[in-house]
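Residue strings, one per chain:
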Amino acid sequence: MPELRKDPVVGRWIIIASERAARPSDYQPNREPIKENSICPFCPGNEDKTPPEIFAIRESGTSANAPGWRVRVIPNKFPALIIQNPLKRQGEGIYDRMAGVGAHEVIIETPEHSLSLDNFDDKAIADFIFAYKARVIDLANDKRFRYIMIFKNHGASAGASLSHPHSQLIAMPIIPKHVKEEIDGARQYFDFKERCIFCDIIKQELEDDKRVVRETNDFISFEPFAARFPFETWIISKRHFTSFFDLNDNEVYDLSIVLKDLVTRINKVLSSPDYNFFIHTAPLDSPCLEHYHFHIEFIPKLTKIAGFEVGSGFYINTTPPEDAARYLKECESKTNC
């Protein structure tokens, strides 16, 4: 059974995923491209190859666990955390642990096996964002959960094991350390200036116009001033709100446009790299924070983290964010780069 353990020095929780137990021979020094099986469990007609669906957006008149879906959400077959577990918090001397309670779900974004996100139509992207929102709202009713992380791994080097377009969701009983650090830093800024730092960042980035990639009615995409990775890009709402499930319908459609635009530009400028993106939102028990702001962080897999970065926590970015923004802005979505 999975277990959560807390590092007593820095307060970081980690998951011991015993359900995914691996031998030394299972760890390969070099990842190969994703190997396609003859039968993709995520393709229509193969619904019996996955756990029963939890949620779906379907054509009218179609049945659960059968073809006819546009987006399908299922439990992860190899979950990092298990929803049936009790919390079972316990101490062991100076150490803290709890059972690996949580939810781990897969959002199958489209029935089309080989479709890239830049080839989705805007409605298809909006559909899976609506599915994200529906699952967050439902899982928020479980009072054991404090945080829900939605993320996408695209490509083998980004951690994907299947190429069919999909993303994942993990609900957990703790707040991830990176999110807590963001919230704490934003609170310090708010205590000093009585303003949201993210709102101030949006204002300055729009005024400077050196790192903004795209602006719409509701969102901007931009390269962070202190980007950790080459072409790291954030998508952030212009309206101040902290919880992902507070997106209104217009914002969902606007977000789909900005996300597709970003992936299109990234693919043209960088020859379709593997990438991760993840949603940072407020904890479930603090949905309306004055000092925090919902956003998406998008990171192409262009470099590897080596000893200095791992040991120091510093990152070395070889492409200034101003240059990255210029490359992406010069590459309009409908033109060749």
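Definitions and cut-offs
Residues numbered from 1 in each chain as written. Predicted model: local features only at pLDDT ≥ 70, side-chain atom pairs only at ≥ 80, totals over all residues. Heavy atoms only, no water. Salt bridge = Lys/Arg side-chain N within 4 Å of Asp/Glu carboxyl O. Phe/Tyr/Trp six-rings, centres within 6.5 Å; stacked < 30°, edge-to-face > 60°. Helix = DSSP H or I, 4+ residues; strand = E, 2+ residues; numbered from the N terminus. Buried < 20%, exposed > 50% of the residue type's maximum accessible area, 1.4 Å probe, protein only. Lys NZ or Arg CZ within 6 Å of the ring centre and 35° of its normal. Contact = heavy atoms within 4.5 Å. Core = buried A, V, L, I, M, F, W, Y, C linked by side-chain atoms within 4.5 Å. Polar contact = N/O pair within 3.5 Å; in protein donor to acceptor, adjacent residues only side chain to side chain. Pairing = 2+ DSSP bridges. Axes fitted to C-alpha atoms, helices over the stretch in contact; angles between N-to-C directions.

Draft legend 1. Spotlight on the pattern of salt bridges. Within the structure shown, the criterion is met by 29 salt bridges. In this structure, Arg144 and Asp142 form a salt bridge, with 2.8 Å as the shortest nitrogen-oxygen distance. Note that Arg195 and Asp200 form a salt bridge whose closest N and O atoms lie 2.8 Å from each other.

Draft legend 2. Broad picture of the packing of aromatic side chains. One pass over the full model with this rule turns up 13 aromatic pairs. When the ring of Phe128 is compared with that of Tyr132, the centres are 5.5 Å apart and the planes differ by 55°; the resulting orientation is tilted. Here Phe128 pairs with Tyr132, and both are found in helix H1 (residues 122-139), just four residues apart, close to one helical turn. According to the relative accessible area criterion, Tyr132 is buried, its value standing at 2%. Ring centres of Tyr132 and Phe244 lie 6.3 Å apart, and the angle between their planes is 55°; on these two criteria the pair is classed as tilted. A residue pair is termed long-range when its members are at least 10 positions apart, and Tyr132 in helix H1 and Phe244 in the loop between strand S12 (233-237) and helix H4 (249-270) qualify at 112 residues. Connected via pairs of aromatic rings, a cluster forms that spans Phe120, Phe128, Tyr132, Phe241, Phe244 and Phe294. Directly above the ring of Tyr327 sits Arg326, whose terminal nitrogen or CZ lies 4.8 Å from the centroid.

Draft legend 3. Structural view of the environment of Ile220. Within the element layout of this structure, Ile220 appears in strand S11 (residues 219-222). Sequence separation between Ile220 and Ile235 is 15 residues, and the spatial gap between their C-alpha atoms is 5.7 Å. When residues no more than four places from it in sequence are discounted, the contact partners of Ile220 are Ile202, Leu206, Arg214, Glu215, Trp234, Ile235, Ile236 and Lys238.

Draft legend 4. Main features of the environment of Ile257. With respect to the element layout, Ile257 can be found in helix H4. As a C-alpha pair, Ile257 and Lys123 span 134 residues in sequence and 9.2 Å in three-dimensional space. In contact with Ile257, not counting residues within four places along its chain, are Asp122 and Arg214.

Draft legend 5. View of the nonpolar core. If you look at the biggest cluster of nonpolar residues, it comprises 46 residues, and the most contacted ones within it are Leu117, Phe128, Phe244, Leu247 and Phe294. Non-local contacts of Phe294, meaning those with residues more than four positions away in its chain, are made with Phe219, Ile236, Ser237, Phe241, Thr242, Phe244, Leu247, Leu255, Ile279 and His280. Membership of the second largest hydrophobic core comes to 28 residues, among which are Ile183, Ala186, Ile202 and Ile299.

Draft legend 6. Up close: the side chain of Glu297. Relative to the assigned elements, Glu297 resides in strand S14 (residues 295-300). Residue class for Glu297 comes out buried when judged on its relative accessible area of 2%. Here His280 takes part through its side chain, which lies 3.2 Å from a polar atom of the side chain of Glu297. Here Glu297 is in contact with Glu182, Arg228, Glu232, Thr233, Trp234, Asn276, Phe277, Phe278 and His280, once residues within four sequence places are set aside.

Draft legend 7. Representation of the side chain of Asn46 within the structure. Among the structural elements, Asn46 can be located in the loop between strand S2 (13-16) and strand S3 (55-58). The exposure class assigned to Asn46 is buried, which follows from its relative accessible area of 17%. One polar contact links the side chain of Asn46 to the main-chain carbonyl oxygen of Cys40, over a distance of 2.7 Å. Setting aside anything within four residues of it in sequence, one finds Asn46 in contact with Ile39, Cys40 and Pro41.

Draft legend 8. Summary view of the environment of Ile316. Mapped onto the secondary structure, Ile316 falls in the loop between helix H5 (307-312) and helix H6 (321-330). For Ile316, the contacting residues outside a window of four places in its chain are Arg228, Phe308 and Glu309.

Draft legend 9. Broad picture of the sheet that holds S14. Read across the open sheet, the 10 strands follow the order S3-S4-S7-S9-S8-S13-S14-S12-S11-S10; overall the sheet is antiparallel. Unpaired on one side and paired on the other, S3 and strand S10 (212-215) mark the two borders of the sheet. On average, each strand axis in the sheet is tilted by 15° relative to the strand beside it, whichever way the strands run. This element, H4, spans S10, S11, S12, strand S13 (275-280) and S14 of the sheet and lies at about 15° to S14.

Such coordinate-based values are descriptive only and should not be taken to indicate function.
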